[in-house]
Amino acid sequence: MKKVNQYIDSLFHNSDPLLEEVLASIQENGMPSISVSPSSGKLLTMLVSISKAKSVLEIGALGGYSGICLARGFGETGQLTSLELEEKYAKVAHQNLSNAGFGDQVTYITGPALQSLEQLEKENKRFDFFFIDADKENYENYLTYCLKVAEPDAVVVMDNVLAGGTVLDTDTQPKRYTAFMREFNEMVANHPQLESLLIPIGDGLTVARVKK
Ligand SMILES: C[S@@+](CC[C@H](N)C(=O)[O-])C[C@H]1O[C@@H](n2cnc3c(N)ncnc32)[C@H](O)[C@@H]1O
């Protein structure tokens, strides 16, 4: 899988100084290096752009790498709402989105994402694109909330669904969330409200369309 990803990155990923600065800022601030892979980021931009989404909800901001990729997809006319547990991370992300020219198009809501989602639902907010990339144990809860606030035909993208390949490889030492991710993938694949497919780039991205 690593070799396949290296091959894809070598062909399709162009140098991107702005995103490299984001990665440097994440290191400088002592934050973990767990942003999406360059190809996953490119796919996010393409999916937002192709779906013509204008109201995007991200769960898990970190330093704003995926946020910039999502915002690039809607350009000057969309809005990003990003849910992040850590106040400090949201500040770094906001600074990076501002450097990328999207500072006025993003709103960060800090605190546990489940609480923020409950509030967004109460406020009758609606979104046409979702990117789920926070604590894996809550993926099913996040998906349930996303479906409640989704416009018809909305797109939901979920990261890390291969759990470093451990969901399929029983010889490899499992991760903390391997068993959970196996169950989650099965649930998504059979979900009556979703048409979905797992794309094996980065750590695995599932792309789903909401049928409603
Ligand atoms: C994998 S990182 C996100 C990476 C980011 N999407 C990117 O690619 O640039 C996961 C993020 O989720 C946040 N997080 C973890 N648990 C959370 C929770 N319960 N509510 C909101 N955010 C959470 C972490 O603080 C971390 O910043």
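Please read these numbers as outputs of a predicted model, since none were measured by experiment. (Residues numbered from 1 in each chain as written. Predicted model: local features only at pLDDT ≥ 70, side-chain atom pairs only at ≥ 80, totals over all residues. Heavy atoms only, no water.)

Caption draft 1: Focus on a nonpolar patch on the surface. On the surface, a nonpolar cluster with roughly 360 Å² of combined accessible area is contributed by Tyr7, Leu11 and Phe12. Relative to the assigned elements, Tyr7 resides in helix α1 (residues 2-12). Owing to a relative accessible area of 55%, Tyr7 belongs among the exposed residues under this scheme. (Patch = residues over 30% accessible without salt bridge, like charges linked within 9 Å, V, L, I, M, F, W, Y side chains within 5 Å. Areas by Shrake-Rupley, 256 points an atom, 1.4 Å probe, with all protein chains shown as cover. Salt bridge = Lys/Arg side-chain N within 4 Å of Asp/Glu carboxyl O. Helix = DSSP H or I, 4+ residues; strand = E, 2+ residues; numbered from the N terminus. Buried < 20%, exposed > 50% of the residue type's maximum accessible area, 1.4 Å probe, protein only.)

Caption draft 2: The arrangement of the site of the ligand in detail. Near the ligand there are 20 residues, and of these Val36, Gly60, Ser66, Glu84 and Asp133 occur at the shortest range. Within the backbone of Val36, one N or O atom sits 2.8 Å away from an oxygen atom of the ligand. Ala113 is positioned with one of its backbone polar atoms (N or O) 2.9 Å from a nitrogen atom of the ligand. Starting from 600 Å² of accessible surface for the ligand in isolation, the protein chains cover 90%. One can see that the ligand is located within the largest pocket. (Near = heavy atom within 4 Å. Polar contact = N/O pair within 3.5 Å; in protein donor to acceptor, adjacent residues only side chain to side chain. 1 Å grid on protein atoms, 1.4 Å probe; cavity = no way out; pocket = protein on both sides within 12 Å on 5 of 7 lines; lining within 4 Å. Sits in = over half its atoms within 2 Å of the grid points.)

Caption draft 3: Structural view of the environment of Pro200. By secondary structure assignment, the location of Pro200 is in the loop between β6 (194-199) and β7 (205-210). Its relative accessible area of 46% is what places Pro200 among the partly exposed residues. With sequence-adjacent residues up to four places away left out, Pro200 is seen in contact with Asn5 and Leu162. (Contact = heavy atoms within 4.5 Å.)

Caption draft 4: Inspection of the side chain of Ser25 at higher detail. Along the chain, Ser25 turns up in helix α2 (residues 17-28). Residue classification places Ser25 among the buried positions, given a relative accessible area of 11%. A distance of 2.9 Å separates polar atoms of two side chains, one belonging to Ser25 and the other to Asn96. Setting aside residues no more than four positions away along its own chain, Ser25 makes contact with Val92 and Asn96.

Caption draft 5: Quick peek at the nonpolar core. If you look at the biggest cluster of nonpolar residues, it comprises 35 residues, and the most contacted ones within it are Val56, Leu70, Leu97, Phe129 and Val157. Listing elements by their share of this core, those giving two or more residues are α2, α3 (38-51), α4 (65-74), α5 (87-99), β3 (106-110), β4 (127-132), β5 (150-159) and β7. When residues no more than four places from it in sequence are discounted, the contact partners of Phe129 are Leu47, Val48, Ser51, Ala53, Ser55, Val56, Leu57, Leu70, Val155 and Val157. Among the nonpolar cores identified, the runner-up in size contains 32 residues, and Leu83, Leu120, Val161 and Met181 belong to it. (Core = buried A, V, L, I, M, F, W, Y, C linked by side-chain atoms within 4.5 Å.)

Caption draft 6: Up close: the packing of helix α6 (residues 113-122) against helix α7 (residues 139-148). For the pair α6 and α7, the least separation of the axes is 10 Å and the interaxial angle reads 15°. Between α6 and α7, the interaxial angle falls into the category roughly parallel. The two elements α6 and α7 cross, and the hand of that crossing is left-handed. Contacts between α6 and α7 involve Ala113, Leu114, Leu117, Glu118 and Glu121 on the former and, on the latter, Asn141, Tyr142, Tyr145 and Lys148. Its residues placed into classes, the contact of α6 with α7 shows five nonpolar, one polar and three charged. (Axes fitted to C-alpha atoms, helices over the stretch in contact; angles between N-to-C directions. Parallel < 35°, antiparallel > 145°, perpendicular 65-115°, else oblique. Left-handed = near helix turned anticlockwise from the far one by under 90°. Nonpolar A, V, L, I, M, F, W, Y, C, P; charged D, E, K, R; others polar.)

Caption draft 7: Region of the structure containing the packing of aromatic side chains. With the rule as written, the count across this model stands at four aromatic pairs. Taking the centre distance of 6.5 Å and the plane angle of 85° together, the rings of Phe74 and Phe102 count as edge-to-face. A residue pair is termed long-range when its members are at least 10 positions apart, and Phe74 in helix α4 and Phe102 in the loop between α5 and β3 qualify at 28 residues. Residue class for Phe102 comes out buried when judged on its relative accessible area of 11%. A centroid spacing of 5.5 Å and a plane angle of 75° characterise the contact between Tyr139 and Phe184, whose relative ring orientation is edge-to-face. With Tyr139 in helix α7 and Phe184 in helix α8 (residues 178-189), this pair connects stretches of sequence that are 45 residues apart. (Phe/Tyr/Trp six-rings, centres within 6.5 Å; stacked < 30°, edge-to-face > 60°.)

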